[in-house]
Amino acid sequence: MTTLEDYGTYETAWCPGCGNFAILDAVKSALVAAKLSPHEALMVSGIGQAAKLPHYLNCNVFNGLHGRALPAATGARLANPKLHMIVESGDGCTYGEGGNHFLAAIRRNPDFTLIVHDNQVYGLTKGQASPTTEEGHVTKAQPSGVASEPFNPVEVAVAMRASFVARGFSGLPDHLSDLIQQGMAHKGMAIIDVLQPCVSFNKVNTFAWYKSRCTPLPDDYDPTDWEIALRTAAQWGETIPVGVLYKNDRRTLEDHLDMKGPLALHKSDSAELVSILKSYE
Ligand SMILES: Cc1ncc(C[n+]2csc(CCOP(=O)(O)OP(=O)(O)O)c2C)c(N)n1
Ligand code: SF4
Ligand SMILES: [Mg+2]
């Protein structure tokens with residue numbers, strides 16, 4: 001039986017009070033609830049405070065470049081479809097440097113879960129604006145306030161008919177663990193944008209700011225209704241809905257390909273290799 005202890009306990013480099021701790025606990029409890037042993041799970045991340053999370057888990061890890069977690073994860077998924085995969089990184093890594101990969105992955109729909117720690121700043125590099133920072137937000141790098149309108153990742157994902165789109169809050173840990181479990185059980189790309197206070201560099205979107213706004217979706221909410229989902233995903237103000245906003249059963253990337261299990265277990269056929277090489281003569 002898999003237990004929380006199997007995933008280890010490590011010293012972290014996060015600030016006391018950071019929202020990342022609750023996300024780490026929610027990921028661990030979701031892995032245990034899914035009865036996955038550490039050797040069956042692969043965590044893929046980019047660069048940033050959020051992207052350090054896999055360093056604090058005893059399982060398979062690939063730590064890629066800033067903004068490049070998703071293409072690395074897609075390759076890993078195709079190389080070994082037996083591994084259960086979670087991709088995770090920050091709002092800057094996923095929606096800024098990795099923005100085009102985010103759109104491409106939604107179109108491909110690989111079967112993994114993407115968890116974005118959305119603290120609305122570049123935390124690791126000391127609080128510069130990210131794509132989700134509010135317009136007018138003052139930082140040391142944007143002393144006159146951010147001039148761009150914020151990017152709403154869940155609205156874009158629903159508009160593109162991503163196969164599973166959710167928003168969570170690190171201050172609602174049981175709700176968040178349940179979202180991650182639902183995302184892991186979903187066939188296709190499950191996107192979970194997690195609002196996460198950065199206590200050191202975001203003094204606007206604080207724990208109290210999120211707590212007073214984040215409102216779980218009602219029990220009778222229908223996540224298969226695309227038009228309602230689009231309107232709900234667009235809500236960002238005094239009320240911020242959290243929960244599974246939208247889902248569908250679109251074909252996955254794997255459905256489109258002739259997958260024959262992990263590459264490492266494929267039998268090599270030297271005659272076929274010779275005929276391929278000859279075709280280039
Ligand atoms: C291509 C590239 N650009 C910039 C950096 C510097 N950099 C490293 S982490 C980071 C910000 C990370 O922000 P986010 O992804 O939101 O994660 P957080 O630290 O907030 O969890 C930046 C700008 C980099 N490593 N590579
Ligand atoms: S800088 Fe912000 S995101 Fe990074 S560990 Fe500290 S509180 Fe967390
Ligand atoms: Mg961030």
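What this report covers is the structure whose coordinates are included nearby. From a predicted model like this one, the values you see are computed outputs, not experimental measurements.

Conventions we followed
Residues numbered from 1 in each chain as written. Chains lettered and ligands numbered in written order. Predicted model: local features only at pLDDT ≥ 70, side-chain atom pairs only at ≥ 80, totals over all residues. Pairing = 2+ DSSP bridges. Helix = DSSP H or I, 4+ residues; strand = E, 2+ residues; numbered from the N terminus. Axes fitted to C-alpha atoms, helices over the stretch in contact; angles between N-to-C directions. Near = placed C-beta within 6 Å. Nonpolar A, V, L, I, M, F, W, Y, C, P; charged D, E, K, R; others polar. Parallel < 35°, antiparallel > 145°, perpendicular 65-115°, else oblique. Left-handed = near helix turned anticlockwise from the far one by under 90°. Contact = placed C-beta atoms within 7 Å. Buried ≥ 20, exposed ≤ 12 C-beta atoms within 10 Å, placed from the backbone. Right-handed = clockwise from strand over helix to strand, strands pointing away. Core = buried A, V, L, I, M, F, W, Y, C linked by C-beta atoms within 7 Å.

Another aspect to go through is the sheet that holds strand β7 (residues 164–169). Spatially, the eight strands line up as an open sheet ordered β2-β1-β3-β4-β8-β7-β10-β9, and their pairing is mixed. One side of each edge strand has no neighbouring strand; the edge strands of this open sheet are β2 (60–63) and β9 (214–216). When the angles between neighbouring strand axes are averaged without regard to direction, this sheet yields 25 degrees. Judged from the six bridges that link them, strand β4 (residues 113–118) and strand β8 (residues 190–195) form a sheet pairing that is parallel.

Looking now at the site of ligand 2. The full set of residues close to ligand 2 is W14, C15, C18, N20, Q49, N119, G123, C198, V199, S200 and F201. Partitioned by chemical class, the residues of the shell around ligand 2 number six nonpolar, five polar and no charged.

At their nearest, the axes of helix α1 (residues 20–33) and helix α6 (residues 173–185) sit 8 Å apart, and the two run at 50 degrees to each other. Viewed along their axes, α1 and α6 adopt a mutual orientation that is oblique. Pair α1 / α6 crosses with right-handed handedness. Taking contact as the criterion, the partners of A22, D25, A26, V27, S29, A30 and A33 in α1 are, on α6, P173, L176, S177, I180, Q181 and M184. Among the residues forming the contact of α1 with α6, the class breakdown is nine nonpolar, three polar and one charged.

Of all six residues in β7, six are buried, a share of seventy percent or more. Here β7 shows two buried faces, one formed by F164, A166 and G168 and the other by V165, R167 and F169. Pairing of β7 with β8 involves six bridges; the strand directions are parallel. Looking at the pairing, V165 lines up with I191 of β8. Once the chain exits β7 it traverses α6 before rejoining the sheet at β8, and the crossover so formed is right-handed.

Core analysis: the largest hydrophobic core is formed by 62 residues, its most contacted members being V27, V165 and I191. With seven residues, α1 is the single largest residue contributor to this core. Apart from the residues within four sequence positions on either side, I191 is in contact with L114, A157, A162, F164, V165 and A166.

This part takes up the environment of N152. Tracing the backbone through its elements, the reader meets N152 in the loop between β6 (128–129) and α5 (153–159). In contact with N152, other than residues within four places in its own chain, are A234 and W236.

As for its position among the elements, S177 is in helix α6. What makes S177 buried here is the crowd of 22 C-beta atoms within 10 Å. Taking the C-alpha atoms as reference points, S177 and T74, 103 residues apart in sequence, are found 24 Å from one another.

Turning our attention to the environment of E134. Its location among the elements puts E134 in the loop between β6 and α5. Separated by 14 residues in the primary sequence, E134 and Q120 have C-alpha atoms spaced 7.7 Å apart. If we ignore the near neighbours within four places in the chain, the residues touching E134 are V146, P150 and V204.

Below, the discussion takes up the site of ligand 1. What surrounds ligand 1 is a group of 20 residues, the closest being G48, G90, G92, C93 and G123. Those elements that place two or more of their residues in the shell around ligand 1 are β3 (84–90), α3 (91–97) and β5 (121–122). When residues in the shell around ligand 1 are grouped by element, the largest group, four residues, is from α3. Its residues placed into classes, the shell around ligand 1 shows six nonpolar, twelve polar and two charged.

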